[in-house]
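Residue-level listing of the chains:
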Amino acid sequence: MPNNLFSKQIQAQLKQLKTELAKGRSSDDRTDENGKPTDNVALPSKQQVAKQVKKYDSEHLDDDKLLFMQAMSGVRPIKDKNLANKAKPSQKPDATTLAKRASAQGNDDSPSHQLSDMQALLNPVSGDTYLSYKVPTLQNKVFNELKQGKIRWHDAVDLHGSSIEEAREAVSQLISQARKNNETSVKIIHGKGTDSILKTCVNGWLRQIPEVLAFCSAPTPQGGNGAVLVLLKKSETAKNV
């Protein structure tokens, strides 16, 4: 309802005043519709009109407040749990990080793989070569699932920018860590590069690790020929679960 609405009495008085002014009559000499003199009608002053409007607004404002308070009775604000998580997402550790981790853990927990760089480098591969390896006992069905990227990998390492020594330690550490966590699949990002040294080394190292059942170049959405997916044997702990 509009806030500038007057009471019926004030509206009638204003309408009468407007009519009389239009006829040019004096406010002191007014007659009714039969031509008979009428008593002077006390017109409201500006202050009275303003007071009436203010009273009307106040009454309706109070009513609105009352209705709102009644409607919201018992309502409590809820916590919005649909908030963006500003925490930094977990990232794949690089070779340097894993190499330093292996060194810091000491001899007892450090990777026990004895990997030959020479054996790996004797069989160079190009950046576009599709890597593929599996042990004879692995079922072809499982190997095909690995090729198609259907086997979920749990951890990964990025070897970009690392030296051969850092990359070797990182690969060994990644596999040891996966075995400790009862994980059976990991991903190694070696890149392609102009001479593909890291890719050649990864191809040779993985063939020397007894826990590796198979590995192959990743499907295009997962890195293509710049990465390999590795399938590992189940650890003894995982077998007993």
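Note that the structure is predicted; figures quoted are calculated from it, not measured.

Caption draft 1: Representation of the overall build of the protein. For the protein, the helix and strand inventory stands at 8 helices and 5 strands. In the protein, which comprises 241 residues, the share counted as buried stands at 31%. Working note: accessible area of the protein is about 16,600 Å², and carbon and sulfur atoms make up 51% of it.

Caption draft 2: Here's a closer look at the nonpolar core. The biggest cluster of nonpolar side chains holds 25 residues, and the ones touching the most others in it are Leu159, Val171, Ile188, Leu206 and Val230. At the level of elements, α6 (164–180), β3 (185–189), α7 (197–208), β4 (212–217) and β5 (227–232) are the ones that each hand at least two residues to this core. Beyond its immediate chain neighbours, meaning those up to four positions away, isoleucine 188 contacts Val157, Leu159, Val171, Leu174, Val202, Leu206, Gly226, Ala227, Val228 and Val230. One finds Val135, Leu146, Leu213 and Cys216 within the second-largest nonpolar core, a separate group that totals 13 residues.

Caption draft 3: Layout of the pattern of salt bridges. In total, this model carries 1 salt bridge according to the counting rule given. Aspartate 117 is the partner of arginine 168 in a salt bridge, and the nearest nitrogen-oxygen pair spans 2.8 Å. Note that arginine 168 is positioned in helix α6 and aspartate 117 in helix α4 (residues 117–121), a separation of 51 residues in sequence. Judged by relative accessible area, which is 21%, arginine 168 ranks as partly exposed.

Caption draft 4: Summary view of the sheet that holds β4. Read across the open sheet, the 5 strands follow the order β1-β4-β5-β3-β2; overall the sheet is mixed. Here the strands that pair on one side only, and so sit at the sheet edges, are β1 (132–134) and β2 (155–158). Taking the axes of each pair of neighbouring strands and ignoring which way they run, one obtains an average angle of 20° across the sheet. Bridge count between β2 and β3: 4 bridges; the pairing is parallel. Across the sheet, residue aspartate 155 finds its bridge partner in β3, namely valine 186. In the packing of helix α5 (residues 140–147) onto the sheet, the strands contacted are β1, β4 and β5, and the crossing angle to β4 comes to about 40°.

Caption draft 5: The pairing of β3, seen in detail. Among the 5 residues that make up β3, 5 are buried, leaving the element largely enclosed by the rest of the structure. Because side chains alternate across β3, one face comprises the buried residues Ser185, Lys187 and Ile189, and the other comprises Val186 and Ile188, equally buried. Taking the sense of rotation as the criterion, the β-α-β connection linking β2, α6 and β3 turns out right-handed.

Caption draft 6: View of α7. With 12 residues, α7 should reach 16 Å at 1.5 Å per residue; the first-to-last C-alpha distance of 17 Å fits that figure. Across the 12 residues that make up α7, a large majority, 10, are buried. Within α7, burial applies to Leu198, Lys199, Thr200, Cys201, Val202, Asn203, Gly204, Trp205, Leu206 and Gln208. Buried residues in α7 make contact with α4, α6, β3, β4 and β5.

Caption draft 7: Looking closely at unusual backbone geometry. The backbone of asparagine 182 shows a phi angle near 60°, a positive value even though the residue is not glycine. Structurally, the position occupied by asparagine 182 is in the loop between α6 and β3. Not every positive phi belongs to a glycine, and serine 196 is a case in point at roughly 55°. Within the fold, serine 196 resides in the loop between β3 and α7.

Caption draft 8: Region of interest: the packing of α6 against α7. In contact at an axis separation of 11 Å, α6 and α7 are set at 40° when each is read in the N-to-C sense. Overall, the two elements α6 and α7 adopt an arrangement that is oblique. By crossing handedness, the relation of α6 to α7 is classed as right-handed. When α6 is examined against α7, the residues Ile164, Ala167, Arg168, Val171 and Ile175 are found in contact with a partner set consisting of Ile197, Leu198, Cys201, Val202, Trp205 and Leu206. Across the contact of α6 with α7, the residue classes tally to 10 nonpolar, no polar and 1 charged.

Caption draft 9: Fine view of the confidence of the model for the protein. Per-residue confidence for the protein gives a mean pLDDT of 75; residues scoring 70 or more make up 53%. Confidence drops under pLDDT 50 across residues 84–90; counting only partners more than four residues distant or on other chains, this segment forms 0 contacts. Taken together, the stretch residues 105–111 has pLDDT below 50 and engages in 6 contacts with residues farther than four places along the chain or on a different chain.

Caption draft 10: Spotlight on the environment of valine 202. Relative to the assigned elements, valine 202 resides in helix α7. Take valine 202: its relative accessible area is 0%, and that puts it in the buried class. In the structure, valine 202 is positioned 71 residues away from leucine 131 in sequence and 9.9 Å away in space, judged by C-alpha atoms.

Cut-off values and rules
Residues numbered from 1 in each chain as written. Predicted model: local features only at pLDDT ≥ 70, side-chain atom pairs only at ≥ 80, totals over all residues. Heavy atoms only, no water. Helix = DSSP H or I, 4+ residues; strand = E, 2+ residues; numbered from the N terminus. Buried < 20%, exposed > 50% of the residue type's maximum accessible area, 1.4 Å probe, protein only. Areas by Shrake-Rupley, 256 points an atom, 1.4 Å probe, with all protein chains shown as cover. Core = buried A, V, L, I, M, F, W, Y, C linked by side-chain atoms within 4.5 Å. Contact = heavy atoms within 4.5 Å. Salt bridge = Lys/Arg side-chain N within 4 Å of Asp/Glu carboxyl O. Pairing = 2+ DSSP bridges. Axes fitted to C-alpha atoms, helices over the stretch in contact; angles between N-to-C directions. Right-handed = clockwise from strand over helix to strand, strands pointing away. Expected span 1.5 Å × (residues − 1). Parallel < 35°, antiparallel > 145°, perpendicular 65-115°, else oblique. Left-handed = near helix turned anticlockwise from the far one by under 90°. Nonpolar A, V, L, I, M, F, W, Y, C, P; charged D, E, K, R; others polar. pLDDT = per-residue confidence, 0-100.

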